[in-house]
Amino acid sequence: MLQPFILSVGAVVSATGGETAHPPELPNFIHLLHLAYPHDQVPALVQFLYNYQNQFFAFLVILLIAFLFNMATRKASLIPSRLQAFAEMVVEGLLGLVCGMLGEKEGRRYFPFLGSLFIFIICMNWFGLIPLMKAPTSSIFTTASLAVCVFLYVQYTAITRLGPAKFFYHLMGEPKDVIGWAMVPLFLPLHILEEFIRPLSLACRLFGNVFGEDILLGVGMVLGIGLTMALGQLAHFPLDQYIGIPLHFPFIFLAILTSTIQALVFTLLATVYISMVLPHEDHAEH
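The following refers to the structure shown. (Residues numbered from 1 in each chain as written. Predicted model: local features only at pLDDT ≥ 70, side-chain atom pairs only at ≥ 80, totals over all residues. Heavy atoms only, no water.)

What follows covers the pattern of salt bridges. Enumeration according to the criterion identifies 6 salt bridges in this entry. Between Arg108 and Glu104 there is a salt bridge, with its nearest N and O atoms 2.6 Å apart. Of this pair, Arg108 and Glu104 are both found in helix 6 (residues 104-127), 4 residues apart, which corresponds to roughly one turn of the helix. Overall, the relative accessible area of 45% leaves Glu104 in the partly exposed class. When the shortest N-O distance is used, the salt bridge between Arg198 and Glu194 registers 3.4 Å. Linking Arg198 with Glu194, this pair stays in helix 10 (residues 184-235), spanning 4 residues, or about one helical turn. Of the residues examined, Arg198 reaches a relative accessible area of 10% and is grouped as buried. Taken together, the salt bridges that share partners define one network made up of Glu106, Arg109 and Arg161. (Salt bridge = Lys/Arg side-chain N within 4 Å of Asp/Glu carboxyl O. Helix = DSSP H or I, 4+ residues; strand = E, 2+ residues; numbered from the N terminus. Buried < 20%, exposed > 50% of the residue type's maximum accessible area, 1.4 Å probe, protein only.)

Among the structural elements, Gln84 can be located in helix 5 (residues 82-102). Non-local contacts of Gln84, meaning those with residues more than four positions away in its chain, are made with Ala72, Lys75, Ala76 and Ser77. (Contact = heavy atoms within 4.5 Å.)

Positive phi outside glycine occurs at Leu132, with the angle close to 70 degrees. Position of Leu132 relative to the elements: it lies in the loop between helix 6 and helix 7 (140-162). A positive phi angle, close to 50 degrees, is found at Glu174, a residue other than glycine. Relative to the elements of secondary structure, Glu174 occurs in the loop between helix 8 (164-171) and helix 9 (178-182).

Now for the nonpolar core. Grouped burial of nonpolar side chains is what soluble globular proteins tend to show. Ranked by size, the top nonpolar core spans 45 residues in total, and within it Leu114, Leu117, Phe120, Ile121, Leu146, Val150 and Phe266 carry the most contacts. Top element by residues in this core is helix 6. It accounts for 11 residues. The residues contacting Val150, other than those within four sequence positions of it, are Phe113, Leu117, Leu202, Phe266 and Ala270. (Core = buried A, V, L, I, M, F, W, Y, C linked by side-chain atoms within 4.5 Å.)

Moving on: the packing of helix 7 against helix 11 (residues 249-276). Where helix 7 meets helix 11, the axes come as close as 9 Å, and the angle between the chain directions of the two elements is 20 degrees. Our classification of the angle between helix 7 and helix 11 gives roughly parallel. Remark: the crossing between helix 7 and helix 11 carries right-handed chirality. Residues Leu146, Ala147, Val150, Tyr153, Val154 and Thr157 of helix 7 form the contact with helix 11, whose participating residues are Phe266, Ala270, Tyr273 and Ile274. A per-class count over the contact of helix 7 with helix 11 returns 9 nonpolar, 1 polar and no charged. (Axes fitted to C-alpha atoms, helices over the stretch in contact; angles between N-to-C directions. Parallel < 35°, antiparallel > 145°, perpendicular 65-115°, else oblique. Left-handed = near helix turned anticlockwise from the far one by under 90°. Nonpolar A, V, L, I, M, F, W, Y, C, P; charged D, E, K, R; others polar.)

The next subject is empty space enclosed by the protein. Throughout the structure, instances matching the rule amount to 3 cavities of 30 Å³ or more. Approximately 60 Å³ is the volume attributed to the largest cavity. Every residue along the wall of the largest cavity is listed here: Ala147, Val150, Phe151, Val154, Gln155, Glu195, Arg198, Pro199, Leu202 and Tyr273. Elements with a contribution of two residues or more to the lining of the largest cavity: helix 7 and helix 10. With 5 residues, helix 7 is the single largest residue contributor to the lining of the largest cavity. When its residues are assigned to classes, the lining of the largest cavity shows 7 nonpolar, 1 polar and 2 charged. (1 Å grid on protein atoms, 1.4 Å probe; cavity = no way out; pocket = protein on both sides within 12 Å on 5 of 7 lines; lining within 4 Å. Points joined across faces, edges and corners; volume = space filled by probe spheres on them.)

Note that all results are geometric; they support no functional claim without further evidence.
Here's what the structure looks like:
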């Protein structure tokens, strides 16, 4: 009974096709649905969902966030419900964090983007901990898309707040003397390269941590299944058809913690990148 499940997490080589095992991750319902059909008889819809499962689960997360915040604010009152109180606590906490780094005026200006970024990332990270779901951030394409959004937003902020000429002067290292201007040929390409390295580091850091969490949980589940099957063979009873040892369960709490930290780190770094391109005369007081 558990043989298709074992195959779906990539713990063994496929018995029918001889396919190479991939890193063991917790399977999602799209993967299991795709596995239920023979290789040459998979329906077009199932194959489409299988090919674009990261986008599909990201869209589910968006719908879930929109639904929860709509429910929290639809009947807002001075005596808030539990859901409204929770939503207000999250928003106020994030607003205080952003304003603490950018100042009250600039923090409120950029909070809609940064707050939405944090909530979206943390929900995607946690979504993979729900049985038969998947964390879209375990794909480098998802994290790279988020990093590109941050990159474009930072460049837009720099050009609109500083102006093209002052932004280019900023990339040159803001030289003020002969030595500074002499170092421009060195600083300019380094600063331009730095602008592209930042989103790359954001994408790789988030992807590596979330993907590592999924592999850790998958390995724990595979080991639990293997241990259950071994005990069943010793007892001459097919235990794996009825129970499984959840060796991966303790790591779920670790995954919750690290997923939260990574969402926070991604958002804080995006905030720092924005603060670096704000006009110094407006930002110095903060």
